[in-house]
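# Structure at a glance
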Amino acid sequence: DDQIERERVSQHLSGGCCVLAAIYLMGKFYVANAGDSRAIIIRNGEIIPMSREFTPETERQRLQFLAFLRPELLGKEFTHLEFPRRIQPKELGKKMLYRDQNMNGWAYKKVEEDDLKFPLIYGEGKKARVMATIGVTRGLGDHDLKVFSSNIHIKPFLSCFPEVRVYDLTQYEHCPDDVLVLGTDGLWDVTDDKEVASVVMEVLTSYEPNDPCRYTMVAQELVVRSRGVLKERGWRMANDKLGSGDDISVFVIPLGGPGNYT
């Protein structure tokens, strides 16, 4: 992240990205995630999550706590408190549900002038945004990202530190159908873990266990199905739901070789 910050000046580069990395070291997979990509292991048909997405919703309390400690980061335009909906000026003095950085549930408070400011986190699900600007809360870069038409920087709220999960391959006997799947959010926006596992098993069983291209074909099939086909009403998947409108990158990594196959 520091290197990207230096290069944005020397090479005139801007922007940022999420990161999902898998490192194999001494019999173990270390999976590090900073952003909204996802990794799962499929072992004997079982799904084992190897990451979690970092979004304004999942990191609400961390973001609110930072804003509570450093209110100057909000630029006098935002409030770190969260409300079920935007508060209207006519509701000043009335009681409204809210929650702060210390709360999982909700409580009531009397609406004050500061509560009329735009919330630090607004929206739900994929539409949730930090300062109405960005929908992910960890990654690399974005040092120059600001709130639209303002001088408020978003970067202080974006963490470059990944969460790391470890999987010990020596604890299990793996067959060639056991895989680690890495995918960007373009895949997971429209395809859940069970659907991915179903495609993995469907494609793998159509190839011989010692055919190395079977894993590439799984990745290709996951991309194709998530993108869908172009119809009159846009890109549609087989179930007629909208295909992914985001970029889709998929890696399928075998955990066991033909020698382990039974």
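Residues numbered from 1 in each chain as written. Predicted model: local features only at pLDDT ≥ 70, side-chain atom pairs only at ≥ 80, totals over all residues. Heavy atoms only, no water.

## Considerations on a nonpolar patch on the surface
Heads up, the condition is: Put simply, a patch holds well-exposed residues, over 30% relative accessible area, that have no salt bridge, with like charges counted together within 9 Å and Val, Leu, Ile, Met, Phe, Trp or Tyr side chains within 5 Å. Residue-level accessible areas treat just the shown protein chains as cover; the underlying method is Shrake-Rupley with a 1.4 Å probe. Each reported salt bridge corresponds to a side-chain nitrogen of Lys or Arg within 4 Å of a carboxyl oxygen of Asp or Glu. To qualify as a helix, a DSSP run of H or I must reach at least 4 residues; to qualify as a strand, a run of E must reach at least 2; elements of each kind are numbered from the N terminus.
Taken together, the side chains of Ile23, Leu25 and Met26 define a hydrophobic patch exposed on the protein surface, amounting to about 370 Å² of accessible area. Checked against the element boundaries, Ile23 lands in strand β2 (residues 19-25).

## Overview of the nonpolar core
Generally speaking, a soluble globular protein has its nonpolar side chains buried in company with each other. How we decide: Joining through side-chain atoms within 4.5 Å is the link that ties buried Ala, Val, Leu, Ile, Met, Phe, Trp, Tyr and Cys residues into a set, and such a set is a nonpolar core. Type-normalised accessible area, obtained with a 1.4 Å probe on protein chains alone, sets the label of each residue: buried when under 20%, exposed when over 50%, and partly exposed for intermediate values. Contacts between residues were defined by any pair of non-hydrogen atoms, one from each residue, lying within 4.5 Å.
One finds Val181, Val196, Leu222 and Val252 to be the most contacted residues of the largest nonpolar core, which totals 19 residues. Elements that contribute at least two residues to this core include exactly β4 (38-43), β14 (179-183), α3 (185-188), α4 (193-204), α5 (213-227) and β17 (250-254). When residues in this core are grouped by element, the largest group, six residues, is from α4. Apart from the residues within four sequence positions on either side, Val252 is in contact with Val179, Leu180, Val181, Tyr215, Val218, Ala219 and Leu222. Counting residues in hydrophobic clusters, the runner-up holds 17 residues, among them Phe78, Val147, Ile154 and Phe157.

## Remarks on the packing of aromatic side chains
Two descriptors summarise a pair of aromatic rings, namely the distance from one centre to the other and the angle between the planes of the rings. Quick reminder of the rule: Two rings from Phe, Tyr or Trp (for Trp, the six-membered ring) form a pair when their centres are within 6.5 Å of each other. A pair whose planes differ by under 30 degrees is stacked, one over 60 is edge-to-face, and the rest are tilted. Charge-over-ring placement is defined geometrically: NZ (Lys) or CZ (Arg) within 6 Å of the ring centre, and within 35 degrees of the ring normal.
Evaluation of the coordinates by the stated rule reveals four aromatic pairs. Relative to Phe118, the ring of Phe78 lies with its centre 6.0 Å away and its plane at 90 degrees, an arrangement referred to as edge-to-face. Of this pair, Phe78 sits in strand β6 (residues 78-79) while Phe118 sits in strand β9 (residues 118-119), and the two are 40 residues apart along the sequence. Here Tyr167 and Tyr172 contribute two aromatic rings whose centre-to-centre distance is 6.0 Å and whose plane-to-plane angle is 10 degrees, an arrangement assigned as stacked. Here Tyr167 falls in the buried class, since its relative accessible area comes to 5%. Ring pairing ties together the aromatic residues Phe78, Phe118 and Tyr122, which thus form one cluster. The side chain of Arg43 reaches across the aromatic face of Tyr172, ending 3.7 Å from its centre.

## Details of the state of the cysteines
Our working rule: Counting rule for disulfides: a pair of cysteine sulfur atoms within 2.5 Å.
Considering all chains together, one arrives at zero disulfides under this definition. Cys17 forms no disulfide, and the closest cysteine sulfur to it belongs to Cys18, at a distance of 7.1 Å. Summary of cysteine pairing: Cys213 is not part of a disulfide, and the nearest cysteine sulfur, belonging to Cys175, is at 17 Å.

## Topic: the domain arrangement of the protein chain
Rule in force here: Segmentation of the chain into domains, including their bounds, is taken from an automatic or database domain assignment. Summed over both partners, buried area is the accessible surface (1.4 Å probe) that two parts give up on being assembled. Pairs of N or O atoms within 3.5 Å make up the polar contacts considered here, provided that, within protein, one atom can donate a hydrogen while the other can accept it, and that residues adjacent in sequence are counted only when both atoms are side-chain atoms. Three classes are used, and their members are as follows: Ala, Val, Leu, Ile, Met, Phe, Trp, Tyr, Cys and Pro are nonpolar, Asp, Glu, Lys and Arg are charged, and the others, Gly among them, are polar.
Domain boundaries in the protein chain define domain 1 (18-52 + 162-254) and domain 2 (59-141). Each of domain 1 and domain 2 has a C-alpha centre, and these two points are 34 Å apart. With nine residues of domain 1 in contact, the opposing surface of domain 2 contributes five residues. Buried surface at the junction of domain 1 and domain 2, summed over both partners, amounts to about 530 Å²; 57% is from carbon and sulfur atoms. There are three salt bridges connecting domain 1 and domain 2. Among the ionic pairs, Lys126 bridges to Asp185, the shortest N-O distance being 3.4 Å. Our count for the contact surface shared by domain 1 and domain 2 stands at two residue pairs in polar contact (both at pLDDT 80 or more). The residue makeup of the side of domain 1 that touches domain 2, split by class, is four nonpolar, one polar and four charged.

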